[in-house]
Amino acid sequence: MKHDWRSAIRRLIFSLALAFVVGWLFNKLTLAIMLTLAVYLTWHLHQLYKLQQWLTSRGADEPPTSHGLWGSIFDDVYRLQHRHQKSKNKLKAMLKRVQDSTSALKDGVLMVDSHGNLEWWNQAANALLGLQNSKDIGQPITNLVRNPDFKAYFEKAHYESPLEMASPINHDAVLQFHITLFGRKDRLIVCRDISHLHQLEAMRQDFVANASHELRTPLTVISGYLETFIEYKETLPARWGRALTQMHEQSQRMQNLINDLLVLSRLETSNAPDQTQVNIPNLLSALVADAKSLSGDKQHNILLECEDVSLIGTDTELSSAFGNLIFNAVKYTPASGEINVKWWQDTTGLHLEVKDNGLGIDHKHIPRLTERFYRADPSRHSDTGGTGLGLAIVKHTLLRHDGHLHISSVLGKGSCFTCHFPASRKVTNAKVING
Ligand code: ADP
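Nothing here was measured: the structure is a model prediction, and the numbers come from that model.

Definitions and cut-offs
- Residues numbered from 1 in each chain as written.
- Predicted model: local features only at pLDDT ≥ 70, side-chain atom pairs only at ≥ 80, totals over all residues.
- Heavy atoms only, no water.
- Patch = residues over 30% accessible without salt bridge, like charges linked within 9 Å, V, L, I, M, F, W, Y side chains within 5 Å.
- Areas by Shrake-Rupley, 256 points an atom, 1.4 Å probe, with all protein chains shown as cover.
- Salt bridge = Lys/Arg side-chain N within 4 Å of Asp/Glu carboxyl O.
- Helix = DSSP H or I, 4+ residues; strand = E, 2+ residues; numbered from the N terminus.
- Buried < 20%, exposed > 50% of the residue type's maximum accessible area, 1.4 Å probe, protein only.
- Pairing = 2+ DSSP bridges.
- Axes fitted to C-alpha atoms, helices over the stretch in contact; angles between N-to-C directions.
- Contact = heavy atoms within 4.5 Å.
- Expected span 1.5 Å × (residues − 1).
- pLDDT = per-residue confidence, 0-100.
- Near = heavy atom within 4 Å.
- Polar contact = N/O pair within 3.5 Å; in protein donor to acceptor, adjacent residues only side chain to side chain.
- Nonpolar A, V, L, I, M, F, W, Y, C, P; charged D, E, K, R; others polar.
- Core = buried A, V, L, I, M, F, W, Y, C linked by side-chain atoms within 4.5 Å.

### A word on a nonpolar patch on the surface
Step number 1: Residues Phe 14, Leu 18, Phe 20, Val 21, Val 22, Trp 24, Leu 25, Phe 26 and Leu 29 make up a contiguous nonpolar surface patch of roughly 990 Å² in combined accessible area.
Step number 2: Element by element, the count of residues in the nonpolar patch is highest for helix α1 (residues 2-25), at seven residues.
Step number 3: A residue is classified by how much of its surface remains accessible, and Leu 25, at 60% relative accessible area, is exposed.

In structure tokens, the structure reads:
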């Protein structure tokens, strides 16, 4: 290119020199120079015209033939275009591959722009959500997936957990939505049919509920007979007496377990019954009295501090959940320990705190404590008679009351279990909600 520039300048100087000599010879110096410059300019204009014609023909053809500076400009532009076309083809092929692979996906994938309008989606999304390729592009996604839960989930912009809801086109199917934010508030939505998982989960719940129900009657009979036999313990050899007592204790444990399993499956499967004003101070006083008798010789110091606020909920469920927390405090606090039960309200809502200075829990167990049968330290449970289901019941009860459980604990120092309820659950008058 540098070389071409030099020879273009050399050619201009040579032409001007020639014009100068000819003009001087014929005594028409100005005319000769003007003519030379005009020819020079016309030639350049012609080259520019050729370039423009070639570019407007989208450079599909070979470049126009030329020489010197213009020849190398044409060649360079041609080479650039060639390179650009090559990377365009490469990108196109890659995009096609991505589109082919997402089309083959069974999960629906949708791209939504920052205004919430549908930009792109795959075949599976058509089948799962009833979208139509031609019509729906650019439409707001909340108009296409018409469901208040989806709208609320889409607009909240925090997508830690997925949303599960009935399919908008087939009410027997259950869909799960995962949204990921990318770019400038664009969203990638992945939607999958989880009806099969739901059926399995329902089958599992039914199985546990049915098995527990079926076991209840025979166990009641066995336990009843054992109780009767124990009454005649004195007439039996000591060895038999001990065995009967142990059998009775174990049958009691099994009954507790079955009762807790039934409570859990009711909490999981049934709709919340009509919820009414629950007088929490009365409920807590009764539970604290029970806790004191459970403490018995251990002489725990159980204190109740309570504001006169009621909550909208189901009293049996709340009593069982709060009871689990208070009785756990008694079970896992050594004799003469302190247990504080506090019920209060503030601007964020209503709260119940059950605090003890007992055994405490290693922090590594805390995230898993509300799982069924999860025990922080199985060795402590031989004498507590617990079922391992208490905190799972608490968690499910709180979910049905729009609440959540917070656990903090230090091993060897004590634990604090706090139930938080939203302020909307506070009773202002005799308000009743249907669940
Ligand atoms: P369980 O019926 O065996 O007590 P829970 O579900 O009520 O089962 O409790 C689960 C776990 O939480 C248990 O392993 C127990 O060790 C621990 N835990 C519950 N409450 C307390 C507490 N107040 N102090 C120490 N550990 C507790």
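### Considerations on the environment of Met 34
Step number 1: Inspection of the secondary structure assignment puts Met 34 in helix α2 (residues 29-56).
Step number 2: In this structure, the C-alpha to C-alpha distance between Met 34 and Ala 19, residues 15 residues apart in sequence, is 8.8 Å.

### A word on the sheet that holds strand β9 (residues 338-346)
Step number 1: The five strands lie next to each other as β7-β9-β10-β12-β11, forming an open sheet whose pairing is mixed. The sheet is open, and its two borders are formed by β7 (301-306) and β11 (404-410), each paired with just one other strand. Pairwise comparison of adjacent strand axes, ignoring direction, gives a mean angle of 10° for this sheet.
Step number 2: The sheet contact formed by strand β10 (residues 349-356) and strand β12 (residues 414-422) spans eight bridges and is antiparallel. Across the sheet, Gly 349 pairs through a bridge with Pro 422, a residue of β12.
Step number 3: Strand contacts of helix α10 (residues 280-295): β7, β9 and β10, with the helix running at about 180° to β7, the strand carrying the most contacts.
Step number 4: Across the sheet, helix α11 (residues 315-331) lies against β7, β9, β10, β11 and β12, angled at about 25° from β10, the strand it touches most.

### Some details on helix α9 (residues 238-269)
Step number 1: Taking 1.5 Å per residue as the helical rise, α9 with its 32 residues ought to reach 46 Å, and the 46 Å between its terminal C-alpha atoms agrees with that figure.
Step number 2: Those residues of α9 lying buried are Gly 241, Leu 244, His 248, Ser 251, Gln 255, Ile 258, Asp 260, Leu 261, Leu 262, Leu 264, Ser 265 and Leu 267.
Step number 3: Against α8 (195-231), α11 and α12 (390-400) lie the buried residues of α9.

### A short note on the confidence of the model for the protein chain
Step number 1: For the protein chain, per-residue confidence averages 89 on the pLDDT scale, and residues scoring 70 or more make up 95% of the total.
Step number 2: In this model residues 429-435 is a low-confidence stretch, pLDDT under 50, and it forms 14 contacts with partners more than four residues away in sequence or in other chains.

### Considering the sheet that holds strand β2 (residues 118-121)
Step number 1: Strand order in the open sheet made by the five strands is β2-β1-β5-β4-β3, with antiparallel pairing throughout. Either end of the sheet is taken by a strand with one partner, and the two such strands are β2 and β3 (163-166). Geometrically, the sheet is characterised by an average inter-axis angle of 25° between neighbouring strands, direction not taken into account.
Step number 2: Inspection of the sheet shows strand β1 (residues 108-112) paired to strand β5 (residues 186-193) by five bridges, in the antiparallel sense.

### Some remarks on the pairing of β12
Step number 1: Burial analysis of β12 places seven of its nine residues in the buried class, the great majority of the element.
Step number 2: Relative to β12, β11 runs antiparallel, the two being bridged by seven bridges. The residue bridging His 404 from the neighbouring strand is His 420, located in β12.
Step number 3: Hairpin connection of β11 to β12: three residues between the antiparallel strands, including Gly 412 at a positive phi of 85°.

### Describing the site of the ligand
Step number 1: Near the ligand, the surroundings consist of 21 residues, among which Asn 328, Tyr 332, Asp 356, Ala 376 and Leu 391 are the closest.
Step number 2: Between an oxygen atom of the ligand and a side-chain N or O atom of Tyr 332, the distance comes to 2.7 Å.
Step number 3: When the ligand sits alone it has 540 Å² of accessible area, and the protein chains cover 99% of it.
Step number 4: Take the shell around the ligand: its biggest share by element is three residues, from α11.
Step number 5: Looking at the shell around the ligand, its residues break down into nine nonpolar, eight polar and four charged.

### Section: the nonpolar core
Step number 1: Of all hydrophobic cores here, the largest spans 35 residues; its most connected members are Ile 280, Leu 284, Phe 322, Leu 325, Trp 343, Leu 352 and Phe 421.
Step number 2: Residue assignment for this core shows that the elements contributing at least two residues are α10, α11, β9, β10, α12 and β12.
Step number 3: Every residue in contact with Trp 343, bar those within four places of it in the chain, is listed here: Ile 280, Leu 284, Glu 305, Cys 306, Glu 307, Val 309, Leu 311, Leu 350, His 351, Leu 352 and Phe 421.
Step number 4: The next biggest cluster of nonpolar side chains, apart from the first, holds 22 residues, and it includes Leu 129, Ile 141, Val 145 and Cys 191.

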